[in-house]
Amino acid sequence: MLNKLGGFFPPFLFLKKGLNYSMVEDIKSIVEEVLHKLNRYSDDAVALIVRTGLAETGFRKLIQYGGGPGLGFFQVELATAKDILENYVNYRPKYLEILLELGLNENDLEFSIKTNIALQVAFCRLHYMRDKNPIPSWTDLEGQAIYWKQVYNTPLGKGTVEHFVKACEKDF
C-alpha cells in the first residue's frame, strides 16, 4: 500500500481503533529518516521500531505509566541510554555525531530523550543493534514480538509477546 507521500506503507500500520493514523504515519516517517541517518535502514527495522512504540505506549505517553523509568513513546530507560552511550556509542564515534545532530544534550540526557522523538528512535535502534541476531522480517509479527521481548523488553520486563502482537495487529 502506498502512503500519501508515495512511499511503501506496510500493512501492519493500517488504522487501528484508538490510534491516530496520521500520528503513526508521521512517526514512521521520523523512524525512516533516523534509520537512514544511522545507515541502518531496512523495512524490517522500520517495522520493529514502529511496533516497539505501539507496544510500549501506543504513541500516547511520554512518561512511563505508573511513574517508572521509561521515557518517550519508546520507553527508553535513562540507565539503558547511559549504558548505550558509555559501552556502545563511545566506541563508535559516528553514532555520537549523529545523536548530537539529532539534538542530544549530554548534560540533560533525560530531557533530551523525553522531548525528542528522533532521539527516542535512535536509542531504540541502537539498543536493538547491540544484539547479534538479525531482526525478524516485518512480515513475521510474532517473530518480531519474540525478538522485542528478548532484546528490548527483556525476560524480566512486564511486556508479553501476546501484548506486542495485540498492540500491532490490524483491528478493523
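Just above, that's the structure.
First things first, this report covers the structure right here in the doc. As the structure is a computational prediction, the values presented were derived from the model and not from experiment.

**Considerations on helix α7 (residues 141–153)**
- Look at α7: only 16 Å from first C-alpha to last across 13 residues, short of the 18 Å you get at 1.5 Å a residue.
- In terms of burial, α7 is a largely internal element, 10 of the 13 residues being buried.
- Buried residues of α7: Leu-141, Gly-143, Gln-144, Ala-145, Tyr-147, Trp-148, Lys-149, Val-151, Tyr-152 and Asn-153, and no others.
- Contacts from the buried residues of α7 go to α2 (43–56), β2 (76–77), α6 (117–129) and α8 (161–168).

**Focus: the packing of aromatic side chains**
- Under the criterion given, the structure shown has six aromatic pairs.
- Judged by centre distance (5.6 Å) and plane angle (90 degrees), the rings of Phe-59 and Phe-73 are edge-to-face. Of the two residues, Phe-59 is situated in the loop between α2 and β1 (70–71) and Phe-73 in the loop between β1 and β2; the sequence distance between them amounts to 14 residues.
- Given a relative accessible area of 6%, Phe-59 falls into the buried group.
- Residues Trp-148 and Phe-164 carry aromatic rings whose centres are separated by 5.1 Å and whose planes lie at 35 degrees to one another, so their mutual orientation is tilted. A residue pair is termed long-range when its members are at least 10 positions apart, and Trp-148 in helix α7 and Phe-164 in helix α8 qualify at 16 residues. Just as Trp-148 is buried, Phe-164 falls in that class too.
- Grouping aromatic residues by their ring pairs yields a cluster made of Phe-59, Phe-73 and Phe-74.
- Sitting above the plane of the Tyr-88 ring, Arg-92 keeps its charged end 3.8 Å from the centroid.

About the cut-offs
- For every chain, the first residue of the written sequence is number 1, and numbering continues from 1 onward in sequence order.
- Local features in this predicted model are restricted to residues of pLDDT 70 or higher, and side-chain atom pairs are both shown and tallied only at a pLDDT of 80 or more, whereas totals for entire chains, interfaces and linings draw on every residue.
- Derived side-chain values reflect all non-hydrogen atoms in the structure, with water molecules and hydrogen atoms excluded from consideration.
- Numbered from the N terminus, helices here are DSSP runs of H or I no shorter than four residues, and strands are runs of E no shorter than two.
- Multiply 1.5 Å by the residue count of a helix minus one, and that product is the helix's expected span.
- In this scheme, a residue with accessible area under 20% of its type's maximum is buried, one over 50% is exposed, and one in between is partly exposed, where area comes from a 1.4 Å probe on protein chains only.
- Any two residues whose heavy atoms approach within 4.5 Å at even a single point are treated as in contact.
- Between 30 and 60 degrees the pair is tilted, below 30 it is stacked and above 60 it is edge-to-face, where a pair is any two Phe, Tyr or Trp rings, Trp via its six-membered ring, whose centres lie within 6.5 Å.
- Two conditions define a charge located above a ring, namely a distance within 6 Å from the ring centre to NZ of Lys or CZ of Arg, and an angle within 35 degrees of the ring normal.

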